[in-house]
Amino acid sequence: MQQQEPVETIGGASVAELAQCYGTPLYAYDAEMIRRRCRDLAAWDTVRFAQKACSNLAVLDLIRREGVVVDAVSAGEIHRALAAGFSPHPVAGADDNGLPPVHPIVYTADIFDRESLEAVVSHGIHVNCGSADMLTQLAERMPGASVTLRVNPGFGHGHSQKTNTGGEGSKHGIWHEDIPEVLKQAEWAGLMVSGLHMHIGSGSDLEHLAEVAGALERIAVEVGRSLTTISAGGGLPVPYRPHESHADLSGYFQLWDATRRRLEDRFGHRVRLEIEPGRYLTAESGSLVTEVRAVKRMGSKRYLLVDAGFNTLARPVLYGSYHPIRVVAANGRAAAGSPEDVVVGGPLCESGDIFTQEEGGFVTTRPLAPADVGDFLVLDIAGAYGFVMASNYNSKPLPAEVMVDAGTHRLVRARQTPADLIRGETT
Ligand SMILES: *Cc1c(COP(=O)(O)O)cnc(C)c1O
């Protein structure tokens with residue numbers, strides 16, 4: 001008897017079953033993986049999820065139950081956080097070991113658009129200010145508020161130039177040399193600077209991220225004793241490629257913990273230490289399930305065309321990002337046979353709609369097990385900056401999202417309908 005390939009799964013649920021239940025393309029999240037990543041960071045006083053990485057309400061609810069709080073970068077994200085059960089104010093009694101209370105939701109941005117200022121004021125949300133203008137605008141509406149300052153330390157690092165968020169080439173934060181002036185401005189305006197924050201890039205290596213601790217400490221001394229919370233920002237990398245491994249999180253924590261302790265000694269009071277990961281908490285939990293709809297040859301190159309495109313997962317076309325790809329036969333088992341080099345593309349009328357490309361748009365191939373129309377391709381490590389960057393380009397509906405928990409699955413966002421696509425439009 002011929003040996004059967006194993007059934008391919010996401011969080012213990014069969015890929016083929018998920019595809020059958022919810023249709024493709026489909027995002028599926030493994031709840032247990034998100035919990036594990038939350039718990040990896042338990043040493044930090046506060047883990048604040050940068051929800052822009054994956055903001056489905058079910059994900060927010062899950063991380064809230066893990067004791068994680070959230071960052072919001074827009075009025076819409078404040079709305080999501082409230083809908084997922086986060087309180088706008090510090091919860092009484094949340095204070096541990098003399099640490100200052102945690103703000104369950106923090107608005108972090110370089111501007112207030114009118115909606116976000118209204119949302120912040122009406123709910124009394126704590127603000128992390130990335131520009132001096134935000135301080136002025138906040139002071140007018142919330143005199144006496146405490147604020148966090150986001151500082152651009154003058155250097156940055158990211159997995160791509162587009163994810164570098166420090167240095168002169170970045171629009172983010174208050175320039176480090178302007179801090180003394182901004183502190184005076186805050187004082188005149190009657191705002192209290194209680195927090196300091198830096199975020200220099202996404203998916204950086206920890207060596208570069210570690211430089212932030214020194215820069216933050218210097219500026220913390222300038223801010224002085226009003227400071228009760230420091231944030232290391234996000235940017236924790238995850239291994240996307242087979243040869244990559246997880247970073248040394250405990251060494252990273254120890255560096256920041258030492259920084260925090262020195263500040264506590266200097267100020268004579270406790271200082272809360274936050275970390276603000278997006279990617280780290282959800283990237284590995286998420287998979288994009290697609291169906292192969294055409295297989296064709298262009299000269300020497302073999303193309304697999306699937307029903308998801310950069311409208312569904314934009315990272316490859318934006319950054320040349322790599323996602324592992326699994327071939328799952330229509331019967332749900334791992335595809336058998338020796339791998340062949342293929343180009344994987346989507347359905348869009350756009351030649352850049354290719355998942356196997358490098359930064360700069362160069363098309364590459366991937367060795368994949370043989371696939372036919374009706375088989376599935378699963379793009380893994382797609383749980384961060386995946387669904388949230390999906391669009392309606394080419395009038396494609398946003399895909400469904402599904403939460404898988406120990407083999408059981410439930411729909412957490414319905415696939416859009418044709419009616420959704422034209423909602424609000426008139427002729
Ligand atoms: C995007 C962002 C993060 C998260 O970045 P990751 O690389 O996903 O960890 C954290 N903080 C701020 C202010 C951000 O804009």
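Asks: So what exactly am I meant to see when it comes to the site of the ligand here?
Replies: Neighbouring residues of the ligand: 15 residues in total, closest Lys52, Ser202, Glu276, Arg279 and Tyr385. At a separation of 2.7 Å, an oxygen atom of the ligand approaches a polar side-chain atom of Lys52. In the environment of the ligand, a nitrogen atom lies 2.6 Å from a nitrogen or oxygen atom belonging to the side chain of Glu276. Calculation on the ligand without its partners gives an accessible area of 390 Å², and the protein chains cover 94% of this total.

Asks: Can you help me understand the environment of Gly234 in this one?
Replies: Relative to the helices and strands, Gly234 resides in the loop between strand E11 (229-231) and helix H9 (249-267). Judged by relative accessible area, which is 4%, Gly234 ranks as buried. Excluding its chain neighbours within four sequence positions, the residues that come into contact with Gly234 are His199, Gly201, Leu209, Glu276 and Pro277.

Asks: Would you mind showing me how to read helix H5 (residues 114-123) here?
Replies: Each α-helix winds once per 3.6 residues, and so residues spaced three or four apart point in a common direction. Along H5, the positions that sit buried rather than exposed are Ser116, Leu117, Ala119 and Val120. Around the axis of H5, the buried residues are gathered within 165° of arc, so they sit on the same side. Projecting away from the buried face of H5 at angles above 90 degrees are the exposed residues Arg114, Glu115 and Ser122. Taken together, the buried residues of H5 touch helix H4 (75-83), strand E6 (105-109), strand E7 (126-129) and helix H6 (132-141). Of the residues one or two after H5, Gly124 is the one with positive phi, at around 65°.

The rules we used
Residues numbered from 1 in each chain as written. Predicted model: local features only at pLDDT ≥ 70, side-chain atom pairs only at ≥ 80, totals over all residues. Heavy atoms only, no water. Near = heavy atom within 4 Å. Polar contact = N/O pair within 3.5 Å; in protein donor to acceptor, adjacent residues only side chain to side chain. Areas by Shrake-Rupley, 256 points an atom, 1.4 Å probe, with all protein chains shown as cover. Helix = DSSP H or I, 4+ residues; strand = E, 2+ residues; numbered from the N terminus. Buried < 20%, exposed > 50% of the residue type's maximum accessible area, 1.4 Å probe, protein only. Contact = heavy atoms within 4.5 Å. Arc of directions from axis to C-beta.

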